[in-house]
Amino acid sequence: MMIIEFVGADVEAAGKSVTELTSSWGYQPEPAPTAEPAHGADTKGVDPVAVASLVVSIPSAMLAVADIADRIRKRRRAGELIERAQQLRAQQATARLVCEDRSVDLATLTPDQLLDLIADEHSAT
């Protein structure tokens, strides 16, 4: 499973935006249980009451790559997901991919970096 955490003023709208995108690909996100939000360094010093978070899980098959032709198709999806994260950032929300040892702001990744992160997480399980 791929875990995405939304942090910001309107996480419900951010989650809905990404849900609409992934649903169009046939993947429905689900709420993910989490004991502790995986906030990055960019949220330190921010009033925790002012920053809400929402965590969802999406099947990693959405971006897991089987072969070169599949990677070309999935690169387009990865680009769309990153573009959506960049739009959310403009609306004061951050979408972060939660990895085993860290979380990464989706808006800062290239499509290939995102696909490689998914592949690394998938091979670690």
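Note that the structure is predicted; figures quoted are calculated from it, not measured.

(A) View of the overall build of the chain. Within the chain, the regular secondary structure consists of 3 helices and 5 strands. Across the chain, helices and strands are ordered from the amino to the carboxyl terminus as β-α-β-β-α-β-β-α. Looking at the 125 residues of the chain, the share that counts as buried comes to 42%. Considering only contacts in the chain between residues 6 or more positions apart, those separated by 24 or more positions represent 71%. Summed over all atoms, the accessible surface of the chain reaches about 7,000 Å², with 52% contributed by carbon and sulfur.

(B) Highlighting the sheet that holds strand β5 (residues 103-105). Spatially, 5 strands are ordered β2-β3-β1-β4-β5 in an open sheet, and the strand pairing comes out antiparallel. Unpaired on one side and paired on the other, β2 (30-31) and β5 mark the two borders of the sheet. Two strands pair when backbone bridges link them, and β2 and strand β3 (residues 52-58) are joined in this way by 2 bridges, in the antiparallel orientation. The partner of Glu30 across the bridge, within β3, is Ser57. With respect to the sheet, helix α1 (residues 11-24) is in contact with β1 (2-8), β3 and β4 (93-98), its orientation differing from that of β3 by roughly 15°. Strands in contact with helix α2 (residues 68-90) are β1, β4 and β5; relative to β4, the strand with the most contacts, it is inclined by about 140°.

(C) Here's a closer look at the pattern of salt bridges. Under the counting rule described, the total for this entry stands at 7 salt bridges. Residue Lys74 pairs with Asp70 through a salt bridge whose shortest N-O separation is 3.4 Å. On the criterion of helical spacing, the pair formed by Lys74 and Asp70 is a turn pair, its members being 4 residues apart in helix α2. Judged by its relative accessible area of 10%, Lys74 falls in the buried class. Note on Asp70: relative accessible area 10%, which makes it buried. Here Asp112 ties to Arg71 by a salt bridge, and the two come within 3.2 Å at their closest N and O atoms. Of this pair, Asp112 sits in helix α3 (residues 111-124) while Arg71 sits in helix α2, and the two are 41 residues apart along the sequence. Assessed through its relative accessible area of 29%, Asp112 is described here as partly exposed. Ionic contacts of the salt-bridge type, sharing partners, join the residues Arg71, Arg75, Asp112 and Asp116 into one network.

(D) Looking closely at α1. Compared with the 20 Å implied by 1.5 Å per residue over 14 residues, the 20 Å span of α1 between its first and last C-alpha is a close match. Within α1 the residues assigned to the buried category are Val11, Ala14, Gly15, Ser17, Val18, Leu21 and Thr22. Projection of α1 onto a plane perpendicular to its axis shows the buried side chains occupying an angular sector of 155°, all on one side. Seen from the open side of α1, the exposed residues pointing more than 90 degrees away from its buried face are Glu12, Lys16 and Ser24. Structurally, α1 contributes buried residues whose contacts are with β1, β3, α2 and β4. Note on α1: the residue one or two positions beyond its end, Gly26, has a positive phi of about 95°.

Conventions we followed
Numbers given for residues are sequential positions, taken from 1 along each chain in its written order. Local features in this predicted model are restricted to residues whose pLDDT is 70 or higher, and side-chain atom pairs enter the listing and the counts only when it is 80 or higher, whereas totals over whole chains, interfaces and linings include all residues. Water and hydrogen atoms were dropped before computing side-chain values, which therefore reflect all heavy atoms in the structure. Strands here are runs of E lasting at least two residues and helices are runs of H or I lasting at least four, both read from the DSSP assignment and numbered beginning at the N terminus. Buried residues are those whose accessible area, probed at 1.4 Å on protein chains only, stays under 20% of the maximum for their type, while exposed residues exceed 50% and partly exposed ones sit between those limits. Contacts were defined at the residue level, with two residues in contact if any of their heavy atoms lie within 4.5 Å. With residues, only the protein chains shown are counted as cover, and all accessible areas are computed by Shrake-Rupley using a 1.4 Å probe. Paired strands are those between which DSSP finds at least two bridges. Interaxial angle, 0 to 180 degrees, is taken between N-to-C directions of lines fitted to C-alpha atoms, where a helix line uses only the stretch in contact. By definition, a salt bridge exists where a carboxyl oxygen of Asp or Glu is found within 4 Å of a side-chain nitrogen of Lys or Arg. In a helix, the anticipated span is given by 1.5 Å times the number of residues less one. The directions considered for the arc are those from the helix axis to the C-beta atoms.

Purely spatial values, then, with no claim about function.
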